[in-house]
Amino acid sequence: MALLRLFDQLISRSVDGHLARCLLCGSSDKIHFGICEPCQQDLPSLGHACQRCAIPLADATDRQCAGCLQQPPPQTSSHATWTYAYPVSQLIQRFKYRRDLAAGRTLAELSAEHLKHQPMGEQRPDVLVPVPMHWRKQLFERGYNQAQLIADILGKHWRIPVDARALRKITATGSQQKLKRTQRLKNLTRSFKAHPRVQGLHIGLVDDVITTGATQEAATQSLLDAGAARVSTFALARVP
Ligand SMILES: [Zn+2]
Ligand SMILES: [Zn+2]
């Protein structure tokens, strides 16, 4: 939780500068979690999506996408709040690459409220685990792991403990575009190492964005290989 405290300090410093103004339009009217009500309503909600991988589904009677029916991914369920589209995509980029922690905090808090009913509806995860970054990348490029900041906020809202050390990224994965899907997944899974203390637990795996789903699948596989009972993934946004 030390990281969350530091995060809080940074936020309050930046919030002092422009007291409770909407992150997107600058209005100071009806601000909730750093964003005004009209802007919040304009955010691209994910809507009906595949239970297993969170890809948006056109038919409201479908519970899973064709891909998951044909080849089920290792995670039991996936949840995201928005489609990765403007302005959520822009806010996530501000958070990820320009150290705009206020943008990250706003999205994580709105997401915690939105997804609140989902982890409670099914079985609640025992612990939240952020998708880790390789330490070199975290230290020299980014300065922090955005997935951990999100997990800390979700954990605080849902009263679920966060274990940021249960999963480590042991090798940096470069571009794998030329590899076949199965080989890519194998390499990715080997790049993670899960701690045996995940044994028997229902893990809530947290990330900022689900793009192809490959990272979350590999991280999930590594947790299951270490004995986790099941894995549900949570993200702010899903690339459609
Ligand atoms: Zn606004
Ligand atoms: Zn699916």
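See the structure printed just above.
Note that the structure is predicted; figures quoted are calculated from it, not measured.

1. Here we look at the coordination of the zinc ion (ligand 1)
Protein coordination at the zinc ion (ligand 1): the donors are Cys 22 (SG), Cys 25 (SG), Cys 36 (SG) and Cys 39 (SG), at 2.3 Å from the metal. One can describe the donor arrangement at the zinc ion (ligand 1) as tetrahedral, given that its 4 donor atoms subtend angles of 103 to 114 degrees at the metal. Sequence spacing of the donor residues for the zinc ion (ligand 1), all on one chain, is C-x2-C-x10-C-x2-C. Linking Cys 25 in the loop between helix H1 (2–17) and strand E1 (31–32) with Cys 39 in helix H2 (residues 37–42), this pair joins segments that are 14 residues apart in sequence.

2. So, the coordination of the zinc ion (ligand 2)
Geometry sets the ideal angles at a metal, namely 109.5 degrees for four tetrahedral donors and 90 or 180 degrees for six octahedral donors. The coordination sphere of the zinc ion (ligand 2), as far as protein atoms go, consists of Cys 50 (SG), Cys 53 (SG), Cys 65 (SG) and Cys 68 (SG), spread over 2.3 Å. Geometry at the zinc ion (ligand 2) is tetrahedral, judged from the 4 donor atoms that bind it and their angles of 102 to 117 degrees at the metal.

3. What about empty space enclosed by the protein?
Taken as a whole, this structure holds 1 cavity of 30 Å³ or more when the rule is applied. As a volume, the largest cavity reaches approximately 40 Å³. Lining the largest cavity, in full, are Cys 53, Pro 73, Gln 75, Ser 78, Ile 210, Gly 213, Gln 216, Glu 217, Thr 233 and Arg 238. For the lining of the largest cavity, a count of residues per class yields 3 nonpolar, 5 polar and 2 charged.

4. A word on the pattern of salt bridges
For the structure shown, the criterion picks out 4 salt bridges. Residues Arg 94 and Asp 100 are paired through a salt bridge, measuring 2.9 Å at the closest nitrogen-oxygen approach. Note that Asp 208 is salt-bridged to Lys 96, the shortest N-O span being 3.0 Å. Linking Asp 208 in strand E7 (residues 202–210) with Lys 96 in helix H4 (residues 88–97), this pair joins segments that are 112 residues apart in sequence. Considered together, Asp 208 and Lys 96 belong to a single accessibility category, that of buried residues.

5. Describing the sheet that holds E7
Strand pairs in the sheet, formed through backbone hydrogen bonds, run parallel or antiparallel to each other. Sheet architecture is open: 4 strands sit in the order E3-E8-E7-E4, paired in parallel fashion. Each edge of the open sheet carries a strand with a single partner, namely strand E3 (77–83) and strand E4 (127–130). Here the strands of the sheet are splayed against their neighbours by 20 degrees on average, with no regard to which way each runs. Where E7 lies against strand E8 (residues 230–238), 8 bridges are found, and the strand directions are parallel. Within the sheet, the bridge partner assigned to Leu 205 lies in E8 and is Thr 233. In this fold helix H8 (residues 146–158) packs onto E4, E7 and E8, with an angle of close to 130 degrees to the strand it touches most, E7.

Reading guide: rules and limits
- Residues numbered from 1 in each chain as written.
- Chains lettered and ligands numbered in written order.
- Predicted model: local features only at pLDDT ≥ 70, side-chain atom pairs only at ≥ 80, totals over all residues.
- Heavy atoms only, no water.
- Donors = N, O, S within 2.8 Å, 3.2 Å for Na, K, Ca; no water.
- Tetrahedral: all angles 85-135°; square planar, octahedral: opposite > 155°, others 65-115°.
- Helix = DSSP H or I, 4+ residues; strand = E, 2+ residues; numbered from the N terminus.
- 1 Å grid on protein atoms, 1.4 Å probe; cavity = no way out; pocket = protein on both sides within 12 Å on 5 of 7 lines; lining within 4 Å.
- Points joined across faces, edges and corners; volume = space filled by probe spheres on them.
- Nonpolar A, V, L, I, M, F, W, Y, C, P; charged D, E, K, R; others polar.
- Salt bridge = Lys/Arg side-chain N within 4 Å of Asp/Glu carboxyl O.
- Buried < 20%, exposed > 50% of the residue type's maximum accessible area, 1.4 Å probe, protein only.
- Pairing = 2+ DSSP bridges.
- Axes fitted to C-alpha atoms, helices over the stretch in contact; angles between N-to-C directions.
- Contact = heavy atoms within 4.5 Å.

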